[in-house]
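Tertiary structure, described
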Amino acid sequence: MKPINLIAAASIALLASTSVGLAEECNAAGTVGTAGSASAGDTSASSVGTAGACRTDGGTTSSIGSGGSAATVDGNAQSKTHINDNGDKLKAQTKAQAVDKGTFSKSRTKTSTDGDTLQSTTRTMSHVPGEKPLKSTTTKKIILPEQ
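The structure contained in this document is the topic of the report that follows. (Residues numbered from 1 in each chain as written. Predicted model: local features only at pLDDT ≥ 70, side-chain atom pairs only at ≥ 80, totals over all residues. Heavy atoms only, no water.)

1. Digging into the nonpolar core
Core analysis: the largest hydrophobic core is formed by 6 residues, namely Ala28, Val32, Ala51, Ala53, Leu118 and Leu144. Elements supplying a minimum of two residues to this core: strand 1 (28-40) and strand 2 (43-56). In this structure, Ala53 is in contact with Ala28, Ala29, Gly30, Thr60, Thr61, Ser62, Leu118 and Leu144, ignoring residues within four places of it in sequence. (Core = buried A, V, L, I, M, F, W, Y, C linked by side-chain atoms within 4.5 Å. Buried < 20%, exposed > 50% of the residue type's maximum accessible area, 1.4 Å probe, protein only. Helix = DSSP H or I, 4+ residues; strand = E, 2+ residues; numbered from the N terminus. Contact = heavy atoms within 4.5 Å.)

Have a look at this one:
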């Protein structure tokens, strides 16, 4: 038998003998998310964040996601997303901004999981020179119930 065939046969045998773990049911679970968009003139910006957690007898697992977009006709637009994984804490932040001369739109979403707490906040702002800025804030927070 050639060495490559031997390795392939050994790999198949190993996979066949591996036991498949069954999913555990959540004792407590939750999801949270916020989103927002802003527009002014020829600019627009949007951001979104979501997080979920499932607590089982074996511990808590969490997931997080975030994203955004910005657009303008003649100006500058940018969108940035950063996610940190620090053990049982997950943090995500998205910033989106579009600027066209003095007119701008921006949206920022911060989302986090910290053990049994899930939180998301989105702030938006748009402004046309000579007018009052339009601002909005949305916050959602949940705490998983005790067992």
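2. Some thoughts on unusual backbone geometry
One non-glycine residue with positive phi stands out, namely Lys101, at about 60°. Here Lys101 shows up in the loop between strand 5 (89-100) and strand 6 (103-114).

3. Focus: the state of the cysteines
Tallied over the full model, the rule gives 1 disulfide. Residue pairing for Cys26: its cysteine sulfur links by disulfide to Cys54, the two sulfurs lying 1.8 Å apart. Judged by the sign of its S-S torsion, about -115°, the cystine formed by Cys26 and Cys54 is left-handed. Note that Cys26 is positioned in the loop between helix 1 (3-17) and strand 1 and Cys54 in strand 2, a separation of 28 residues in sequence. (Disulfide = S-S within 2.5 Å.)

4. So, a positive patch on the surface
Where like charges cluster on the molecular surface, the positive patch consists of Lys80, Lys89, Lys91, Lys95, Lys106, Lys110, Arg123, Lys132 and Lys135. Looking at the positive patch, the elements that each hand over two or more residues are strand 5 and strand 6. The dominant element in the positive patch, judged by the number of residues it contributes, is strand 5, at 3 residues. Here Lys106 is to be found in strand 6. (Patch = residues over 30% accessible without salt bridge, like charges linked within 9 Å, V, L, I, M, F, W, Y side chains within 5 Å. Areas by Shrake-Rupley, 256 points an atom, 1.4 Å probe, with all protein chains shown as cover. Salt bridge = Lys/Arg side-chain N within 4 Å of Asp/Glu carboxyl O. Lys, Arg positive; Asp, Glu negative; His and termini not counted. Charge placed at Lys NZ, Arg CZ, Asp CG, Glu CD.)

5. A closer look at the sheet that holds strand 6
Spatially, 4-5-6-7-8 is the arrangement adopted by the 5 strands of the open sheet, whose pairing is antiparallel. The sheet terminates laterally at strand 4 (76-86) and strand 8 (134-143), the two strands that pair on one side only. Averaged over all pairs of adjacent strands, the angle between strand axes in this sheet comes to 5°, irrespective of strand direction. Pairing of strand 5 with strand 6, which is carried by 12 bridges, proceeds in the antiparallel orientation. Looking across to strand 6, one finds that Val99 is bridged to Phe104. (Pairing = 2+ DSSP bridges. Axes fitted to C-alpha atoms, helices over the stretch in contact; angles between N-to-C directions.)

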